Amino acid sequence: MTNLDIFLRDRAPADLSRLILTAASTSMQVRRALPFTTKLTRGVNPSGERQAEIDVYANELFASSLLATGLVSEVASEEMAEPRRGRGKVHVAMDPLDGSSNIATNNPLGSIFGFYSSALPCSGDNLVASAFVTYGPMLTLTFTTGEGVHTFVNVEGQEGNPFILMEESASIPEKAEVFGLGGDRRDWIEPVETFVASLEARGLKLRYGGTFVGDFNQVLRRGGIFGYPALKNKPRGKLRVLYEAAPMAFITKHAGGYASDGSRDVLSIVPSALAETAPLYLGTAGLVKEVESLIRGA
Ligand code: FDP
């Protein structure tokens, strides 16, 4: 059995190791809080969405624990209008609780972290590491520091660091099995409709749970594509470049896949605002290139 701290010691710079370990241990606190914090508040986040109490709580826990390492220059979050500042070097962008509409139904939730080397907002080309947590039947942490994508699972009662290696060097299977695209189907742009019809004709299975982290995680394991596309009434999609799209694109890239906004690599997008959104298609490289060329040709 390999523990997360020992694994990181040999493979990642000390600052990134510490930040990943901090995200992992804080996710245990978030997980423990979930049963007690399902009541909705009246607040809205900077993107105008209703904020559930647990979003605020998770945001506070992750922001304060990451800043307390002394390694962070700023923490920007989907749940805060302005970043919080520290005196370190790493710039963190996070979605502390992804999929909050799944809280009430006890479906999967997640957290996403992008660790950047430049001041935010900046492009995903400045990512030095990214990670996501799944609060599903298992609490897992999947990350890359630019050398492979690795998943650890939280095991209660384990001495020392309770995250144990579950999969080393994950790669997105070439043979695609599943797909899932967000938004109302009637609002999808035409090339996306055409693409999805062709996926169905090829026998790919629709698997959509409504949490980016969970929906992406099955693409990572089973091959396929996840998207939150450009919609007729929302041409810039829904997912935030800094907090969600770019960190997951970085993981996708290091698992041998590809992430596009329909015309270019998501990692090359330079957002002009912290909460800027972009359409997103990511997963098995061949499929993502396919939808990209349909969109380009439309
Ligand atoms: P949520 O609004 O529940 O936080 O981050 C936004 C997100 O969830 C993603 O996790 C998810 O993929 C998407 O929105 C779901 O949107 P739809 O409800 O429009 O499908």
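Because the structure is a prediction, the values reported are computed rather than measured.

Undergrad: Help me understand the nonpolar core, please; the structure alone is not making it clear to me.
TA: Nonpolar side chains tend toward joint burial in soluble globular proteins. Counting residues in each nonpolar core, the largest one holds 56 residues, and the members touching the most others are Phe212 and Ile225. Those residues in contact with phenylalanine 212 that sit more than four places away from it in its chain are Asp98, Ile112, Phe226, Leu239, Glu244, Ala245, Met248, Leu280 and Leu282. Among the nonpolar cores identified, the runner-up in size contains 40 residues, and Ala24, Met28, Ala58 and Leu141 belong to it.

Undergrad: It is not clear to me how the site of the ligand should be interpreted in this structure. Could you clarify?
TA: Within the structure, the ligand sits among 14 residues, and Asp98, Ser101, Tyr208, Tyr228 and Glu244 are positioned closest to it. Residue aspartate 98 places a side-chain N or O atom 2.6 Å away from an oxygen atom belonging to the ligand. Glycine 99 is positioned with one of its backbone polar atoms (N or O) 3.2 Å from an oxygen atom of the ligand. Compared with its free state, where it exposes 470 Å², the ligand has 83% of that area covered by protein. Class assignment of the residues belonging to the shell around the ligand gives a composition of 5 nonpolar, 6 polar and 3 charged.

Undergrad: Is there a simple way to explain helix α3 (residues 53–68) in this structure?
TA: Each full turn of the α-helix corresponds to 3.6 residues, which orients residues three or four apart in the same direction. Helix length check: α3 (16 residues) gives 23 Å between terminal C-alpha atoms against 22 Å at 1.5 Å per residue, within 8%. Glycine 70 occupies a position one or two residues after α3 and carries a positive phi of about 80°.

Undergrad: Before we go on, may I ask you to explain the packing of helix α4 (residues 190–201) against helix α7 (residues 285–297) in this structure?
TA: When two helices pack together, their arrangement is given by the angle between their axes and by how far apart the axes lie. Two elements in contact, α4 and α7, have axes separated by 9 Å at closest approach and are oriented at 140°. The way α4 lies across α7 gives a crossing that is right-handed. Across the interface between the two elements, Pro191, Val192, Phe195, Ser198 and Leu199 of α4 pack against Leu287, Glu290, Val291, Leu294 and Ile295 of α7. Residue classes in the contact of α4 with α7 are distributed as 8 nonpolar, 1 polar and 1 charged.

Undergrad: Looking at this structure, how should I read unusual backbone geometry?
TA: Keep in mind that most residues, glycine aside, have a negative phi and that most peptide bonds are trans. For the bond from leucine 120 to proline 121, the omega torsion is 0°, close enough to zero to count as cis. Tracing the sequence through the fold places proline 121 in the loop between β6 (109–116) and β7 (127–135). Positive phi values are uncommon outside glycine, yet asparagine 106 reaches one of about 55°. In this structure, asparagine 106 sits in the loop between β5 (90–98) and β6. By relative accessible area, asparagine 106 is classed as exposed at 70%. Even without being glycine, serine 169 reaches a positive phi, approximately 50°. For serine 169, the position within the fold is in the loop between β10 (163–167) and β11 (178–181).

Undergrad: Hey, could you run me through the layout of surface pockets in this one?
TA: Here the idea is plain: a probe the size of a water molecule rolls over the atoms and shows the empty space left. Taken as a whole, the second largest pocket holds about 370 Å³ of empty space. If you go around the second largest pocket, you meet 21 residues; those closest to its centre are Pro108, Thr134, Pro137, Gly214 and Asn217. If you tally residues by element for the lining of the second largest pocket, the top one is helix α5 (residues 212–222), at 7 residues.

The rules behind the values
- Residues numbered from 1 in each chain as written.
- Predicted model: local features only at pLDDT ≥ 70, side-chain atom pairs only at ≥ 80, totals over all residues.
- Heavy atoms only, no water.
- Core = buried A, V, L, I, M, F, W, Y, C linked by side-chain atoms within 4.5 Å.
- Buried < 20%, exposed > 50% of the residue type's maximum accessible area, 1.4 Å probe, protein only.
- Contact = heavy atoms within 4.5 Å.
- Near = heavy atom within 4 Å.
- Polar contact = N/O pair within 3.5 Å; in protein donor to acceptor, adjacent residues only side chain to side chain.
- Areas by Shrake-Rupley, 256 points an atom, 1.4 Å probe, with all protein chains shown as cover.
- Nonpolar A, V, L, I, M, F, W, Y, C, P; charged D, E, K, R; others polar.
- Helix = DSSP H or I, 4+ residues; strand = E, 2+ residues; numbered from the N terminus.
- Expected span 1.5 Å × (residues − 1).
- Axes fitted to C-alpha atoms, helices over the stretch in contact; angles between N-to-C directions.
- Left-handed = near helix turned anticlockwise from the far one by under 90°.
- 1 Å grid on protein atoms, 1.4 Å probe; cavity = no way out; pocket = protein on both sides within 12 Å on 5 of 7 lines; lining within 4 Å.
- Points joined across faces, edges and corners; volume = space filled by probe spheres on them.

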